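# Coordinate inspection notes
Take a look at the letters that make up each chain.
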Amino acid sequence: MGLKMYEDLNEITIFKILILENGVKLDSEDTFNNLENKTDYKFKFRNKKPLRNEKYQVFDISTDNSVIPEEILISKNNLQSITKLRYNQNSPVTFCYIDNQFKLKYNGKLSKLDINLVKKHKILNEKIPINISKKGKTIGDYISIVGLNRITVLFFDGCYNWHCGKACWFCDLHPKRKNEVVGIPTLNNLCNFGSLNDWWNSQKEEYINCIIYSLKRILGDKKSEKMHLFFMAGNTPLISQVWDIANETIKSIANEIDLSKYNNYLNIAPHDNQDRLTKMKEYGIKQVQYNLEVSDKKIFTKICPGKMDYDLFINQIKDAISIFGNGNVRSNFVLGLEPIIPLLGFLEKMSELGLVADYSIFQPKKCTPLSGHSSPKVEDIINFSQQLVGIYLKHNFKPIFCTLSSRSSIINELYLDKVLKNGRKTKR
């Protein structure tokens, strides 16, 4: 299969689709072994093997230390896009190192795109002052920067659905290895406490102080107002507990930082009562995201066993829209887990109510129940994305983040292309 069928798309978007669908193979196993200043860039272990033990802890037990870039920046002329990488030795896309430059090939044919690894932000290596934390941790132990401009604050490491054996079938959690340092609270330590409240109360003060310090340092640059601020959490045994943690953390941050200055999101399990949302809005949170992942009730119930009851989930989405308003409540869907036509029908119906649908392209992850499930076909990805852009334009919605931080879909690329062709104005 050649690339002519995609000739109405720019080459950046084409290769992003191909990478998300197929992953990449390497032209040499030594591609990164001798890379100069390797530690300056974002890398991840190429192969993971998450496993839950008898203490309800989840670790990556793989001993394979081979690595691959977490993400790459694809550029041509004045256009740029970020994409995450997945290793697949059978992929038709090859990640190459030729004449001291990174390149991409598709079925052996070399592209003309500029390919760059993404550097770690230097500020993430900065040590947190000892009067705030005596652990000798860095800003990067508490906050991450995804792509070029998405600042991510994770309330705790882990998801209780994984720890109790009810993980979503497509999720591999990205667990740490036993020897990896975790700065933020981790559910792997929950077994050492009598309750989740004891676990949280024992570490919340230092954690929150480190988060506030780290955010102030990163947001101190005037350019930071163009960045996206993303708060997120996995699940806890009770929904009320994750909301207690979110409320305490964000309230403390809002007392020190004007969150309303930033394009911000709260990605979390649906609320347990409306007061939670009212308070978040008062703190300066602009958008909330409840990830349904699948629109079909039967499929949802089967592959998302740890999530809230489907009908209650839908009701909580509607509830959130009534408080945050049209276009300020989002939900992610995993493209490739259900037929596209009924999914689009569901999204059109929910968009009429004010819900903004985001999506990520399904990628089979090793050691998950859906490891043998295929990624969606390229033509389906394009068709779905184009239809979703139409829904966005109809309701004046915007894609989440931007092309420099949205790594798992092509909605930003197609949306921006459509807007530019139509001569419409949009804020990026």
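Residues numbered from 1 in each chain as written. Predicted model: local features only at pLDDT ≥ 70, side-chain atom pairs only at ≥ 80, totals over all residues. Heavy atoms only, no water.

### A few points about the overall build of the chain
Helix and strand content of the chain: 11 helices and 18 strands. What you see for the chain is a C-alpha radius of gyration of 21 Å, in line with the 22 Å of a compact globule of 428 residues. Dimensions along the principal axes, computed over C-alpha positions, put the chain at roughly 60 × 50 × 45 Å. Split into buried and exposed, the 428 residues of the chain put 54% on the buried side. Sequence-distant contacts in the chain: of pairs separated by 6 or more residues, those separated by 24 or more amount to 72%. (Helix = DSSP H or I, 4+ residues; strand = E, 2+ residues; numbered from the N terminus. Rg over C-alpha atoms; globule rule 2.2 N^0.38 Å. Buried < 20%, exposed > 50% of the residue type's maximum accessible area, 1.4 Å probe, protein only. Contact = heavy atoms within 4.5 Å.)

### Some remarks on the nonpolar core
Soluble globular proteins tend to bury their nonpolar side chains together. Judged by nonpolar contacts, the single largest core of 123 residues is most densely connected at Phe95, Phe155, Leu215, Phe231 and Leu266. Leu266 has contacts with Phe155, Phe231, Trp243, Ile250, Met280, Ile285, Gln287, Val288 and Gln289, leaving out every residue within four places of it along the chain. Formed by five residues, the second largest nonpolar core is a distinct cluster that contains Val58, Trp162, Ala167 and Leu173. (Core = buried A, V, L, I, M, F, W, Y, C linked by side-chain atoms within 4.5 Å.)

### Overview of the sheet that holds strand S16 (residues 287-289)
The sheet built from seven strands is open, its strands ordered S12-S13-S14-S15-S16-S17-S18 with mixed pairing. Since the sheet does not close on itself, it has two edges, and those belong to strand S12 (143-146) and strand S18 (355-361), each with one partner. Averaged over neighbouring strand pairs, the angle between their axes works out to 25 degrees when direction is ignored. Strand direction decides the pairing type here: S16 and strand S17 (residues 329-335), joined by two bridges, are parallel. From the neighbouring strand, Val288 faces S17, where its bridge partner is Val329. Together, S12, strand S13 (150-154) and strand S14 (228-232) form the strand contacts of helix H4 (residues 204-219), whose direction differs from that of S13 by roughly 175 degrees. Its contacts with the sheet put helix H10 (residues 378-395) on S17 and S18, and the angle it makes with S18 is roughly 160 degrees. (Pairing = 2+ DSSP bridges. Axes fitted to C-alpha atoms, helices over the stretch in contact; angles between N-to-C directions.)

### Let's talk about the packing of H10 against helix H11 (residues 411-422)
Two numbers describe how H10 lies on H11: the axes approach to 9 Å, and their chain directions differ by 55 degrees. If you check the angle between H10 and H11, you find them oblique. Here the hand of the crossing between H10 and H11 comes out right-handed. Residue-level inspection shows Ile382, Ser385, Gln386, Leu388, Val389, Tyr392 and Leu393 of H10 in contact with H11, the latter providing Ile411, Leu414, Tyr415, Lys418, Val419 and Asn422. Of the residues belonging to the contact of H10 with H11, the class tally is nine nonpolar, three polar and one charged. (Parallel < 35°, antiparallel > 145°, perpendicular 65-115°, else oblique. Left-handed = near helix turned anticlockwise from the far one by under 90°. Nonpolar A, V, L, I, M, F, W, Y, C, P; charged D, E, K, R; others polar.)

### A short note on the packing of aromatic side chains
Following the criterion strictly, the structure yields 17 aromatic pairs and no others. Relative to Phe346, the ring of Phe333 has its centre 6.0 Å away and its plane inclined at 70 degrees; by these criteria the two rings are edge-to-face. Residue Phe333 is found in strand S17, and its partner Phe346 is found in helix H9 (residues 340-353); the two are separated by 13 residues along the sequence. Put simply, the rings of Phe32, Phe43, Phe95, Tyr97 and Phe102 pair up and form one aromatic cluster. Here the basic side chain of Arg46 rests over the ring of Tyr87, its NZ or CZ set 4.2 Å away from the ring centre. (Phe/Tyr/Trp six-rings, centres within 6.5 Å; stacked < 30°, edge-to-face > 60°. Lys NZ or Arg CZ within 6 Å of the ring centre and 35° of its normal.)

### Description of the pattern of salt bridges
Counted under the stated rule, the structure contains 17 salt bridges. We note a salt bridge from Asp60 to Arg177, for which the minimum N-O separation is 3.1 Å. One end of the pair, Asp60, is in strand S4 (residues 58-60); the other, Arg177, is in the loop between helix H2 (160-163) and helix H3 (196-201), and 117 residues separate them in sequence. Among the residues examined, Arg177 registers a relative accessible area of 7% and is labelled buried. As a salt-bridge pair, Arg217 and Glu126 come within 2.7 Å of each other at their nearest N and O atoms. Of this pair, Arg217 sits in helix H4 while Glu126 is found in the loop between strand S11 (114-117) and S12, placing the two residues 91 residues apart along the sequence. Of the residues examined, Glu126 reaches a relative accessible area of 23% and is grouped as partly exposed. (Salt bridge = Lys/Arg side-chain N within 4 Å of Asp/Glu carboxyl O.)

### Details of the side chain of Asn412
Tracing the backbone through its elements, the reader meets Asn412 in helix H11. A polar contact of 2.9 Å, which involves the side chain of Asn412, links it to the backbone oxygen of Ile400. (Polar contact = N/O pair within 3.5 Å; in protein donor to acceptor, adjacent residues only side chain to side chain.)

### Some remarks on unusual backbone geometry
One non-glycine residue, Asn37, lies in positive phi territory at about 55 degrees. Judged by relative accessible area, which is 45%, Asn37 ranks as partly exposed. Phi at Asn107 is positive, roughly 50 degrees, even though this residue is not glycine. Mapping Asn107 onto the fold places it in the loop between strand S9 (101-106) and strand S10 (109-110).

### A closer look at the environment of Ile132
You can see Ile132 is positioned in the loop between S11 and S12. Look past the residues within four positions of Ile132 in its chain and what remains in contact with it is Glu206, Asn209, Cys210 and Tyr213.

### A closer look at H9
What sets the pattern is the α-helix's 3.6 residues per turn: residues three or four places apart point alike. Compared with the 20 Å implied by 1.5 Å per residue over 14 residues, the 20 Å span of H9 between its first and last C-alpha is a close match. The set of residues buried in H9 consists of Ile340, Leu343, Leu344, Phe346, Leu347, Met350 and Ser351. An end-on view of H9 places all buried positions within 160 degrees of arc, on one side of the element. Exposed side chains of H9 directed beyond 90 degrees from the buried face belong to Ile341, Pro342 and Lys349. After H9 finishes, the residue Gly354 shows a positive phi value of roughly 115 degrees. (Expected span 1.5 Å × (residues − 1). Arc of directions from axis to C-beta.)

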